[in-house]
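Reading the structure
The residues making up each chain are set out below.
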Amino acid sequence: MRLRDVELGDVEAYVRMRCDPAMMVDLGGPLPPEGMAAKVERDVRSAAEGTQWIKMIIPDETEPAVVAGTVTLWPHDADGRQIAEIGWMVLPEFQGRGLGKLAVRALLELAREEDRWGVVHAFPAIANAPSNGICRSLGFRSLGEEDVTFADRILRTNHWAIDPRTDLK
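Here goes a summary of the coordinates provided. (Residues numbered from 1 in each chain as written. Predicted model: local features only at pLDDT ≥ 70, side-chain atom pairs only at ≥ 80, totals over all residues. Heavy atoms only, no water.)

Taken residue by residue, helix H1 (residues 11-18) has Ala-13, Tyr-14, Met-17 and Arg-18 as its buried positions. The buried side chains of H1 occupy one side of the element, clustering within an arc of 110 degrees when seen end-on. Packing partners of the buried residues in H1 comprise helix H2 (36-49), strand E2 (53-58), strand E3 (69-78) and strand E4 (81-90). (Buried < 20%, exposed > 50% of the residue type's maximum accessible area, 1.4 Å probe, protein only. Helix = DSSP H or I, 4+ residues; strand = E, 2+ residues; numbered from the N terminus. Arc of directions from axis to C-beta. Contact = heavy atoms within 4.5 Å.)

It is worth spelling out helix H4 (residues 129-138) at this point. Restricting attention to buried positions, one finds in H4 the residues Ser-131, Asn-132, Ile-134, Cys-135 and Leu-138. Across the axial projection of H4, the buried residues extend over an arc of 150 degrees, all falling on one side. Of the exposed residues in H4, those oriented more than 90 degrees away from the buried face are Ala-129, Pro-130 and Arg-136. In the core, the buried residues of H4 are packed alongside E4, helix H3 (99-113), strand E5 (120-122) and strand E7 (153-162).

Moving on, we come to the environment of Ile-57. Of note, Ile-57 is situated in strand E2. When the C-alpha atoms of Ile-57 and Ile-162 are compared, they prove to be 21 Å apart, with 105 residues separating the residues in sequence. Beyond its immediate stretch of four places on either side in the chain, Ile-57 contacts Met-1, Arg-2, Leu-3, Val-66, Val-67, Ala-68, Gly-69, Thr-70, Val-71, Met-89, Val-90 and Ala-103.

Moving on, we come to the packing of H1 against H2. Packed helix pairs are specified by the crossing angle of their axes together with the interaxial distance, meaning the distance between the axes. Contact geometry for H1 and H2: axes closest at 9 Å, N-to-C directions at 115 degrees. Every pair of crossing elements has a handedness; the one defined by H1 and H2 is right-handed. Residues Val-11, Tyr-14, Val-15 and Arg-18 of H1 pack against Met-36, Ala-37, Lys-39, Val-40 and Asp-43 of H2. Across the contact of H1 with H2, the residue classes tally to six nonpolar, no polar and three charged. (Axes fitted to C-alpha atoms, helices over the stretch in contact; angles between N-to-C directions. Left-handed = near helix turned anticlockwise from the far one by under 90°. Nonpolar A, V, L, I, M, F, W, Y, C, P; charged D, E, K, R; others polar.)

Moving on: the environment of Glu-61. For Glu-61, the position within the fold is in the loop between E2 and E3. In this structure the C-alpha to C-alpha distance between Glu-61 and Ala-151, which are 90 residues apart in sequence, comes to 32 Å. Look past the residues within four positions of Glu-61 in its chain and what remains in contact with it is Met-1 and Arg-2.

As structure tokens, this is what we get:
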């Protein structure tokens, strides 16, 4: 598994992740496909500027065109204070292989190596057992439940935090 920056050619992967009812079940339902090309363009720009780390998960280095999902680390305003948030998605045919955990770990290790982002927060939906399991297994600490807004939707989530410089398992 390796991570690479998002590219303009990743629109199809974004549509598969963000516009599919099953993929978006814990995030309030699918998003409209019409906005995905513009979203990818914004994300490519943010990744190039370094304001966000938006990485595509490549499961097999010998097949670099095959994308399994995404893992992202970005600054986020939470109740008037700036925090770093991490999120990830893995396409159905790649789920259950540990790729999500490997990708999250790899991005947190990069944050530790670059001494960037500080404490990192994650907000998986309460019902998303695999994502909550990733948090638990990597050493995130639970800060309780919290309502968060995603794509103009209110979601009930678990709030997790980790300092990759000291807490990453």
